[in-house]
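# Reading the structure
What follows is each chain in one-letter form.
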Amino acid sequence: MMRISKLALIACVLVLVLASAVFARLAAVGPLNPGNGFPVYYVDTNGVALELPVKPLGNPLGVPPALSPTMVFDPPILGSAFSGQIGFGSECFYWVADADWTGIPSTVGNIVYRAGLEAAFATGDAQDGQQIVFSRIRVRIPGLLPGMAGTYTVRHPYGTETIPVTADDIAAGKGLNMTRDLGVATANFAAVLSGDVGPFLVQTLPIAVSVPTPPYDVVNWVGDGNTISPVTGSPIGFNQVSITPPAGVNLGAGNGVPLTTSNFVVSGHRFNGVLPTPLTVNRVNYTRNATNTFFDIFATSELGATVTATIPTAPVTPLTAGVNELAGLFWTRSSFGAGFAIPPSVSITATLLGSTPTTVTPVPTDLVTITQAVWNSRTQVMTIRANSSDTLGDPQLTVTNPPLGPMLGGVISYICQVTPATVTVASAAGGLATEPVRVLTP
């Protein structure tokens, strides 16, 4: 049976953060596993959680017997107590998908497309305190021949790559060679949530089980690491890899004709424990005047969840759930009368049957609105007007980008030869707003 080949290491340093990310391809990262120093799981935007247990399930690459289903990892390092403890050497995948080109005629030999979410170490070999996690997109065609230089377009489940290949690349034996590793923000395992991969691709053919049956769960897998299979899960609806060469280059399907495969080998094991209820607080703003104080709270959670807000000295407030195209969104506006003190934080909790509650404590801020951002191309005068939702506290507004300083009565004007594309106004009460500049030509 086929096994996914080992991935090379990238050196980058991350530390655990339990979080979710805005515009994330993955939705959440789990708590730290004290047994290996990595997050227990990652959750994609479909709610699929994949784990990194201690020790990984299956056999390491190249170590018999070949087991299926299996995670993909390298053998523990001989003589390293920590490597032996965690069950692998330099790398192990939460999830990986390799495109398979079997049966597709190729004039250039081996073609590699790989997407993965990998646990590794900044030091290369396993060393406690050096744990990292990153996403990877890799495309390689090392066997390109002289005369095949040009721009290649690779469409894949997570987007499109435009990759230039020079004659020197081919002469040096590199051919087409693109690797992009993301999620490398220092001290933040959650940085990978906005990486290149997610949601996870899932094998559509049945999971293959080797004989004798492996001594671990053989049911809860998104891919068995062995079976060549079509997949589902592309966020753009393209569950294939298609490589379009330059007009005069034939990869096997004809000059300039894409070479395409719908087959992959996928590996990943589902986390079977209890997951926290998904919760993202999108905004917590207050509006205050001489007669009343309002709080507006916007959040996102799972369908069927209950979301509540606790504002100090006020009763617990339930958030209203959206329906249809707004499903998963929650909102409330609460009124607390004149003279209500703005607390340093509020508490938002989401609960869902079968999951543990999730609570976050955001800081409430005023809402800044930029009512005018205009540059007159004849006079070269920029005029910016803004206001705060806190008309009682009247917090100082400051133009922070460009760094023009405090506004007077919510207005500032200045002369500039070139206008910025946007302006940003910050409030002393924490609000922030950015607005495109409108160019006025009299």
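Structure: see above.
Report follows, based on the coordinates. (Residues numbered from 1 in each chain as written. Predicted model: local features only at pLDDT ≥ 70, side-chain atom pairs only at ≥ 80, totals over all residues. Heavy atoms only, no water.)

Applying the stated criterion across every chain yields a total of 15 aromatic pairs. Both rings, one in Tyr 113 and one in Phe 264, keep their centres 6.5 Å apart while their planes meet at 80°; by these two values the pair is edge-to-face. With a gap of 151 residues between them, Tyr 113 in strand 5 (residues 112-121) and Phe 264 in strand 15 (residues 263-269) connect regions that are remote in the sequence. The class of Tyr 113 is buried, set by a relative accessible area of 1%. Between Phe 295 and Phe 340 the ring centres are 6.0 Å apart and the planes differ by 85°, which places this aromatic pair in the edge-to-face class. (Phe/Tyr/Trp six-rings, centres within 6.5 Å; stacked < 30°, edge-to-face > 60°. Helix = DSSP H or I, 4+ residues; strand = E, 2+ residues; numbered from the N terminus. Buried < 20%, exposed > 50% of the residue type's maximum accessible area, 1.4 Å probe, protein only.)

The subject of this paragraph is the pairing of strand 25 (residues 368-376). Inspection of the sheet shows strand 25 paired to strand 26 (residues 381-388) by eight bridges, in the antiparallel sense. Each bridged residue has a counterpart across the sheet, and for Trp 375 the counterpart in strand 26 is Met 382. Sheet topology note: the strand 25/strand 32 (residues 438-440) ladder contains three bridges and is parallel. Across the sheet, residue Asn 376 finds its bridge partner in strand 32, namely Leu 440. (Pairing = 2+ DSSP bridges.)

Turning our eyes to something else, we now look at the environment of Pro 65. Along the polypeptide, Pro 65 turns up in the loop between strand 3 (49-51) and helix 1 (81-86). Placed 38 residues apart in sequence, Pro 65 and Gly 103 show a C-alpha to C-alpha distance of 27 Å.

Before going further, it helps to examine the pairing of strand 27 (residues 397-401). Both strand 27 and strand 30 (residues 422-427) contribute to a ladder of four bridges, which runs antiparallel. Across the sheet, residue Asn 401 finds its bridge partner in strand 30, namely Thr 424. Pairing of strand 27 with strand 28 (residues 405-406) involves two bridges; the strand directions are antiparallel. Looking at strand 28, one finds that Thr 398 is bridged to Pro 406.

Bringing unusual backbone geometry into the picture now. The step from Gly 198 to Pro 199 runs through a cis peptide bond, and the omega angle for that step is -5°. Examined against the element boundaries, Pro 199 turns out to sit in the loop between strand 9 (176-182) and strand 10 (202-203). Put simply, Val 211 and Pro 212 share a cis peptide bond, and its omega is -5°. Within the secondary structure, Pro 212 is located in the loop between strand 10 and strand 11 (221-224). Phi at Thr 313 is positive, roughly 75°, even though this residue is not glycine. When you line up the elements, Thr 313 lands in the loop between strand 18 (306-310) and strand 19 (317-318). Residue Thr 313 is classed as exposed on the basis of its relative accessible area of 78%. The phi dihedral of Asp 394 is positive, around 45°, even though this residue is not glycine.

Take the environment of Val 437 next. For Val 437, the location among the structural elements is in the loop between strand 31 (432-436) and strand 32. As for Val 437 and Trp 375, which are separated by 62 residues in sequence, their C-alpha atoms are 6.9 Å apart. Residue contacts for Val 437: discarding those within four places in its chain leaves Ala 373, Val 374, Trp 375, Met 382, Thr 419, Pro 420, Ala 421, Thr 422 and Val 423. (Contact = heavy atoms within 4.5 Å.)

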